[in-house]
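For reference, the chains in residue letters:
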Amino acid sequence: MLFRSEENRPSRREQWFSFQRALLENLYRMDERKLRGTAEWTVYGVLREILESSIAIHRSCGYYHWRVSDVAGFADELELAARTQTLRNDRERRAALRAWSELPPYVAIEIAGLKSELESGYSAPKSLVLLAVRQLDHRLLTAEDRSPFFDPIRRLHDPAFAARWREIYGAKIRPALLEYRHYLADEYYGGARDSIAIGALPNGRQCYEAMLRRSTTVQLSAQSLYELGQRTVEESLQGIAIPDEPPYPGQPGAGGFSSGQELLDFVRGAVDRAGKAAGGWFPSLPREELLVQPYPPDRDRPDMPATYQFVASQKKGVIRVPLSAAARISKARAEITAMHEGIPGHHVERGLARAIVGTPAFAPQSLNLAYIEGWARYAEALAGEMGLYTDRKSVV
């Protein structure tokens, strides 16, 4: 179960961050010099960085408004909870029915948190609010046989459980989702911020720098990062001939696919091409197979990005492709994404990381997006050197 009634209360979050602060104080009291050169020194450094950046984000960024999103937002949290709900025995099934019966107060706490933050000037951008509302509309209209909220009864095949679940969905789950949806559309949207910039928040600069640190472990000011980005882009563009045709979807001449199947076949071809070539470029590669699959129908939306996921239960990597976006995706963008998400991108980097012997148990909790996405961005350029691109706009 990934959500529990009342776990999203502000008081619970304060308890959690009080615990983090206590841990950090204990670290500060340790003599780091005595740990140098040991495995414990690594644990010390990583844990200290995680705690310091997490507390900095808590102090300056707010919480609830970040969950107003169509990607990894509040609704996604609930969908994931339904998809991964454990139902192995009668005790777990009773617990699941009880927990989902308590969804209305959980949603009410979420709405109260949004209202409180809105009064303090913290809000999601209007553009994200609209996307979140659109996502909820889609979910609420999805038929039972495809809805993620009915995933538990599709997996269990228990008529008595299914009857009780449908009853709870009609009386508790759907009304709670509707309440959240109507609040976002009818009240929250009017007070949401126009700008997408984090700097528009009350402590925007501090929040941006705290989030930057969490993703990179680097303590940079927003201005210094901007200047570094400007210089890097200027240097990268030197000597590059920009094609006459616009390389991005939605622009004249950008191209696209006539069907979702054509997009799926194209990405599979790119992944197959990369897999065959990679052996000549890497001394070792992940043992796990890499698959390219469409999103399930209930999750396939034109605005969904392609994503990579390692499915531990199957020991396979999977690139999910939004087939409904076929007409909007250029061939250049599709093969760049295939290299980014698959080979030589995320599938290679994460697979080789999993294969390292003696990795500390805390390692999966200490990932930094800058390194993960930095490798994938490097992989896009490396794919050009490997001769994997078929569209000249991909190289740009």
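Residues numbered from 1 in each chain as written. Predicted model: local features only at pLDDT ≥ 70, side-chain atom pairs only at ≥ 80, totals over all residues. Heavy atoms only, no water.

### Quick look at the overall build of the chain
Now for step 1: Looking only at helices and strands, the chain features 15 helices and three strands.
Now for step 2: Principal axes of the C-alpha set define a box for the chain whose edges measure 60 × 60 × 45 Å.
Now for step 3: For the chain, the residues scored as buried account for 42% of the 396 residues in total.
Now for step 4: For the chain, contacts bridging at least 24 residues in sequence account for 77% of all contacts bridging at least 6.
Now for step 5: For the chain, the exposed surface amounts to about 21200 Å²; the carbon and sulfur share of it is 54%.
Now for step 6: Taking the average location of the 52 positive side-chain charges in the chain and that of its 50 negative ones, the two points are 4 Å from each other. (Helix = DSSP H or I, 4+ residues; strand = E, 2+ residues; numbered from the N terminus. Buried < 20%, exposed > 50% of the residue type's maximum accessible area, 1.4 Å probe, protein only. Contact = heavy atoms within 4.5 Å. Areas by Shrake-Rupley, 256 points an atom, 1.4 Å probe, with all protein chains shown as cover. Lys, Arg positive; Asp, Glu negative; His and termini not counted. Charge placed at Lys NZ, Arg CZ, Asp CG, Glu CD.)

### A look at helix α3 (residues 74–83)
At 3.6 residues per turn, the α-helix brings residues three or four places apart onto the same side.
Now for step 1: Counting buried positions along α3 yields eight of ten residues, so the element is predominantly enclosed.
Now for step 2: All of the buried residues in α3 are Phe 74, Ala 75, Asp 76, Glu 77, Leu 78, Glu 79, Ala 81 and Ala 82.
Now for step 3: On its buried face, α3 is in contact with α4 (90–101), α5 (103–119), α6 (126–141), α7 (151–156) and α8 (159–191).

### A closer look at the pattern of salt bridges
Now for step 1: Taken as a whole and judged by the stated rule, the model has 24 salt bridges.
Now for step 2: Across the salt bridge formed by Asp 31 and Arg 33, the nearest N and O atoms sit 3.1 Å from each other.
Now for step 3: Relative accessible area serves as the criterion here: at 29%, Asp 31 is assigned to the partly exposed category.
Now for step 4: Close ionic contact of Arg 139 with Glu 79 constitutes a salt bridge, the shortest N to O distance being 2.3 Å. (Salt bridge = Lys/Arg side-chain N within 4 Å of Asp/Glu carboxyl O.)

### Side note on the side chain of Ser 54
Now for step 1: Secondary-structure assignment places Ser 54 in helix α2 (residues 39–61).
Now for step 2: Classification of Ser 54 by relative accessible area gives buried; the value is 10%.
Now for step 3: In this structure Ser 54 touches Phe 17, Gln 20 and Arg 214, once residues within four positions along its chain are discounted.

### Some points on the state of the cysteines
A covalent bond between the sulfur atoms of two cysteines is referred to as a disulfide.
Now for step 1: As enumerated under the stated definition, the model contains one disulfide in all.
Now for step 2: The disulfide that involves Cys 61 links it to Cys 207, with 2.2 Å between the sulfurs. Since a negative S-S torsion denotes a left-handed disulfide, the Cys 61-Cys 207 link at about 115° is right-handed. Note that Cys 61 is positioned in helix α2 and Cys 207 in helix α9 (residues 204–216), a separation of 146 residues in sequence.
Now for step 3: Relative accessible area serves as the criterion here: at 0%, Cys 61 is assigned to the buried category.
Now for step 4: Judged by its relative accessible area of 0%, Cys 207 is buried. (Disulfide = S-S within 2.5 Å.)

### Remarks on the layout of surface pockets
Now for step 1: Estimates place the volume of the largest pocket at around 1300 Å³.
Now for step 2: Along its surface, the largest pocket is lined by 26 residues, and Leu 80, Arg 299, Thr 307, Tyr 308 and Gln 309 are the ones closest to its centre.
Now for step 3: Contributing elements (two or more residues each) for the lining of the largest pocket: α3, β2 (307–311), α13 (346–354) and α14 (369–385).
Now for step 4: With five residues, β2 is the single largest residue contributor to the lining of the largest pocket.
Now for step 5: Of the residues belonging to the lining of the largest pocket, the class tally is 13 nonpolar, three polar and ten charged. (1 Å grid on protein atoms, 1.4 Å probe; cavity = no way out; pocket = protein on both sides within 12 Å on 5 of 7 lines; lining within 4 Å. Points joined across faces, edges and corners; volume = space filled by probe spheres on them. Nonpolar A, V, L, I, M, F, W, Y, C, P; charged D, E, K, R; others polar.)

### Here's the deal with the confidence of the model for the chain
Now for step 1: Across the chain, the average pLDDT comes to 89, with 93% of residues at 70 or higher.
Now for step 2: By mean pLDDT, the top-scoring element of the chain is α8 (97), and the lowest-scoring one is helix α15 (residues 392–395) (77).
Now for step 3: Note on residues 247–253: pLDDT is under 50 here. Beyond four places in sequence and across chains, it has 13 contacts. (pLDDT = per-residue confidence, 0-100.)

### A short note on the nonpolar core
Now for step 1: Core analysis: the biggest nonpolar cluster contains 40 residues, and Val 68, Trp 100, Ile 173, Tyr 180, Leu 184 and Tyr 188 have the highest contact counts within it.
Now for step 2: No other element matches α8, which puts twelve residues into this core. (Core = buried A, V, L, I, M, F, W, Y, C linked by side-chain atoms within 4.5 Å.)

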